[in-house]
Amino acid sequence: MLVRLKADTTPLMSRHWAAVLVFVAAAAACASAQRQEVLVSAAASLADVMTQVARAYESRSGVRVTVNTGASNTLARQIIAGASVDVFISADETQMDSVRGEIVPGTRVDLLSNQLAIAVAADRPRTMRTARDLIDPAIKRIGMGDSTAVPAGVYAKAYLEKLGIWNQISARVVPSASVRVALASVENGAADVAIVYKTDIASARRATLALAIPVSEGPRIVYPAAILRGGRHRDAAVRFLSWLRDAEASAIFRAAGFIRLVREPATIGRDRC
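Residues numbered from 1 in each chain as written. Predicted model: local features only at pLDDT ≥ 70, side-chain atom pairs only at ≥ 80, totals over all residues. Heavy atoms only, no water.

Along helix α3 (residues 72-80), the residues that are buried comprise S72, N73, L75, A76 and I79. Along the axis of α3, the buried residues cluster in a sector spanning 160°; they form a single face. (Buried < 20%, exposed > 50% of the residue type's maximum accessible area, 1.4 Å probe, protein only. Helix = DSSP H or I, 4+ residues; strand = E, 2+ residues; numbered from the N terminus. Arc of directions from axis to C-beta.)

And the structure:
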């Protein structure tokens, strides 16, 4: 039996453009996969550095990083209430513990540390030899985070109790909803001094350092990070958290004054298509 094969009558140029369109569509699909998003809730004291971190990671990976900053206790409440968050970075272990049931097992890491410091208004600078100088009657208002909930306030109270001066100054403490609000209280004149993190003062425009509490004397400050069950971008979150422990992110955190707590991993997950 003679079988006649039908010749392909499609013009050569048409076939060429069809191939080009297939390639472009595949490339667009790959780019779309790479343009994922990671939603991060981070402690207020990380506001400035996380902007830099997000920009660096977006440039490197094409993945959009959306950062929501606030007091760690407030962020924890939002997560417990069902907020869709991929990665949570708390300023203390207590708030991370409070969302334990929302954490993807095996993803919690101690990421950073910090240092307590005392800030004063830039137009009224002063130097303090020790935190015991806070008992000076001339210091009428002391700004700090709420010592019952805000990590920086909890750390500060613990340190002042260790020094034995908390009972002497507690009546002059002006509690704030976050460490950044405490810093603002010095900048706007609502407080004479504020107990914050040293990294907060480094980025302040109208406040300056009066005293940095030596790390060896101050409280153990830990910023844990973890991936959350309620997030919608699990794979992207895994890669982002891995990158936060990489040398590139480490350099950004160190430049901002944070202290690294984790070893850099041998390999980092990368987006591939």
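What follows is about helix α7 (residues 179-187). Buried residues of α7: V179, A182, L183, S185 and V186, and no others. End-on, the buried residues of α7 take up no more than an arc of 150°, which puts them together on one face. Backbone geometry just after α7 places G189 at a positive phi near 85°.

Our next topic: the packing of aromatic side chains. Taken as a whole and judged by the stated rule, the model has 7 aromatic pairs. Aromatic side chains Y57 and W243 sit 5.1 Å apart centroid to centroid with 50° between the ring planes, which places their arrangement in the tilted category. Placement of the pair is Y57 in helix α2 (residues 47-61) and W243 in helix α9 (residues 234-244), with a sequence separation of 186 residues. For Y57, a relative accessible area of 2% gives the class buried. Summarising the aromatic geometry, the rings of F253 and F258 are spaced 6.3 Å apart at their centres and angled 80° between planes, so their arrangement reads as edge-to-face. Accessibility expressed as a relative area gives 1% for F253, which makes it buried. A connected cluster of aromatic rings, assembled from ring pairs, spans Y155, Y197, Y223, F253 and F258. (Phe/Tyr/Trp six-rings, centres within 6.5 Å; stacked < 30°, edge-to-face > 60°.)

Time to look at the packing of α2 against helix α10 (residues 247-255). Look at α2 against α10: their axes get within 10 Å of each other, and the N-to-C directions meet at 155°. Between α2 and α10, the crossing angle belongs to the class labelled roughly antiparallel. Crossing of α2 against α10: the hand is right-handed. Facing α2, whose interface residues are V49, M50, Q52, V53, A56 and R60, α10 presents E248, I252 and F253. The residue inventory of the contact of α2 with α10, partitioned by class, reads 6 nonpolar, 1 polar and 2 charged. (Axes fitted to C-alpha atoms, helices over the stretch in contact; angles between N-to-C directions. Parallel < 35°, antiparallel > 145°, perpendicular 65-115°, else oblique. Left-handed = near helix turned anticlockwise from the far one by under 90°. Contact = heavy atoms within 4.5 Å. Nonpolar A, V, L, I, M, F, W, Y, C, P; charged D, E, K, R; others polar.)

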